[in-house]
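Below, each chain spelled out in residue letters.
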Amino acid sequence: MYKIRIKKFDLYLILGFLLSPIFFDIDAVEFLLGIKMESLVIVCCIVAWIIMIRSITINSLMGAYIIYFGILTLSTLLNGNEITALAFYAIRLMTCVMLIQYLLDTVHFSEYIRGMRLFLTVIIGISIWYQIFDQNHFGFTLSGNNNNFLVSDNYLGYYYIPFLLITYICEINNKSRKSIMICSVACIFSLIRGWSVSCMLSLSMFIIGMFFVEKSATIRKICTFSSAIMINALIFILIIILRFHTYFEWFITGVLHKSITLSYRTLIWDAAIKNILSKPIVGYGTCRGQLMLINSVQIHGRNILYFSHNYLLENMIQGGILVTLALGLVYFITYKKSSECKGTILYSIISCAIFSGLFMGQSGCVLFHPTVHFEIVLLYYCKKIIETYKA
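Procedures and definitions
Residues numbered from 1 in each chain as written. Predicted model: local features only at pLDDT ≥ 70, side-chain atom pairs only at ≥ 80, totals over all residues. Heavy atoms only, no water. Salt bridge = Lys/Arg side-chain N within 4 Å of Asp/Glu carboxyl O. Helix = DSSP H or I, 4+ residues; strand = E, 2+ residues; numbered from the N terminus. Buried < 20%, exposed > 50% of the residue type's maximum accessible area, 1.4 Å probe, protein only. Pairing = 2+ DSSP bridges. Core = buried A, V, L, I, M, F, W, Y, C linked by side-chain atoms within 4.5 Å. Contact = heavy atoms within 4.5 Å.

A. The arrangement of the pattern of salt bridges in detail. For the coordinates displayed, the defined rule picks out four salt bridges. Note that glutamate 171 is salt-bridged to arginine 117, the shortest N-O span being 2.9 Å. One end of the pair, glutamate 171, is in the loop between helix 7 (157-170) and helix 8 (178-194); the other, arginine 117, is in helix 6 (residues 109-133), and 54 residues separate them in sequence. The same class applies to glutamate 171 as to arginine 117, namely buried. Between aspartate 270 and arginine 243 there is a salt bridge, and its shortest N-O distance comes to 2.8 Å. Of the two residues, aspartate 270 sits in helix 13 (residues 265-278) while arginine 243 sits in the loop between helix 11 (225-241) and helix 12 (249-254), which places them 27 residues apart along the sequence. Of the residues examined, arginine 243 reaches a relative accessible area of 16% and is grouped as buried.

B. Spotlight on the pairing of strand 2 (residues 302-306). As judged from the five bridges shared by strand 1 (residues 295-299) and strand 2, these two strands associate in the antiparallel manner. Following the sheet pairing, serine 296 is matched in strand 2 by leucine 305. Between strand 1 and strand 2, which pair antiparallel one after the other, the connecting turn spans two residues, and histidine 300 there sits at a positive phi close to 50°.

C. Quick look at the nonpolar core. Ranked by internal contacts, the top residues of the largest apolar core, which has 115 residues, are Phe23, Phe69 and Phe109. For this core, the element with the most residues is helix 5 (residues 84-105), which contributes 15 residues. In contact with phenylalanine 23, not counting residues within four places along its chain, are Arg92, Cys96, Leu99, Ile100, Tyr112, Met116, Pro370, Thr371 and Phe374. Ranked by size, the runner-up nonpolar core spans 10 residues in total, among them Phe236, Ile240, Ala272 and Met316.

Have a look at this one:
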C-alpha cells in the first residue's frame, strides 16, 4: 500500500513538472529545447485533456470564460482578424481551469502543484544565474532593459506572484515560512537586476500582504476579493482618467527616475481611450500577438504604435463594452463562489495576489496568459483547496 502511494505521488509530481508550460509561457523553453513554445503548449494541452476526458464537467467559471472568449471571437471575426491565435489562447486557458478542477476532484492537486513549484524553481534559478553572471546574454528589450531567461523584464511579476502563491500553498501545513522567505528574497533580487518598477511594487505589496494576513485577523477582513477589485478600479480612475500621479512628480522623477508621462504611458492611454470611443461596443478584435498595436503616439517626431499598457483598456480595445461585461461576469462568479471561504487565510492571500496582479496591470498587461488568470481560478476553487490540505 505504501509503495503504491509513492508511485502515485511521483506520477502527479512529474506531471505537474512536465505540464507546467500550460500555465507558464516562458522564453526559456525555446532556449533549452529549441522548439516553439506554442508547439509545446499544444502537446501539453492534448495530454491534459486525454488525462481528464472522462471527468469533464462545465462549471460556472468555465461558462463565464466561454462567454468571454465567445465575445472576443465575434469581435475578431467582425474586424476581419485571424482567429487562430485567439482559439489557441482560449483552449489553453480553459485547459487550465478544467485541469485544476480535475486535480482537486481526484485529490492529486497537492502533488501536481508541487511539480509546478519544482518547474518554476528550476527555471527561476537558472534565470537568476544568468542575471548574476551573464546579464546581457539574451540582449535587450525595446525599452532598453535586459531580456531575461524566463520572460522579458516587465512581465517577471506575472510569474513571480503565482510562484510565491504556489510556494505558500505547498507549505500551507508547514509552520515554518523559511521556504517562502527564501523564494521572496530570490524574486526581489531578480527584479532588482531586471528593474521593473511596477513589478517591484506589486511583488513587494504581495509579500507584505502575505505577512500581515497571517498575523492579523483584522487584515484578513480587509484583504478580500471585492476590495482588490474596488481599489484597483479607484486607482484606474485616479491615474488613468484623472492623472492624479502628477501631484507626486517629485517622487516619480526624483526617486523612481521616471518621466511624468510614466515612460510615455499617459500618451498611450490617451490614444487608447480615443480608439475605444471610436468602437465602444465590440472593439477591434484580437491579433496574433494577443496585444493590439493600434495606439499611435508621437515620440521624438515619429509615430509609434503601442498596445494599451493597461489591462482594462486593452480588454476594451479588443472587445469593447461587451467583453468588459463578460470579464465582470468572470469576477462576479468568482466572488460568489469564493465567499464560502471568506475570512480564511488562504482566501485573503489569494485576494492579495489578485490585487497585486491587477495593480501591475495598471501600467502593462497581457490578457490571456494563464498567469494573469491563475489567481482567479485558485480563488474560485479556494474551498476545495482548503479541504484538500485539511484531509
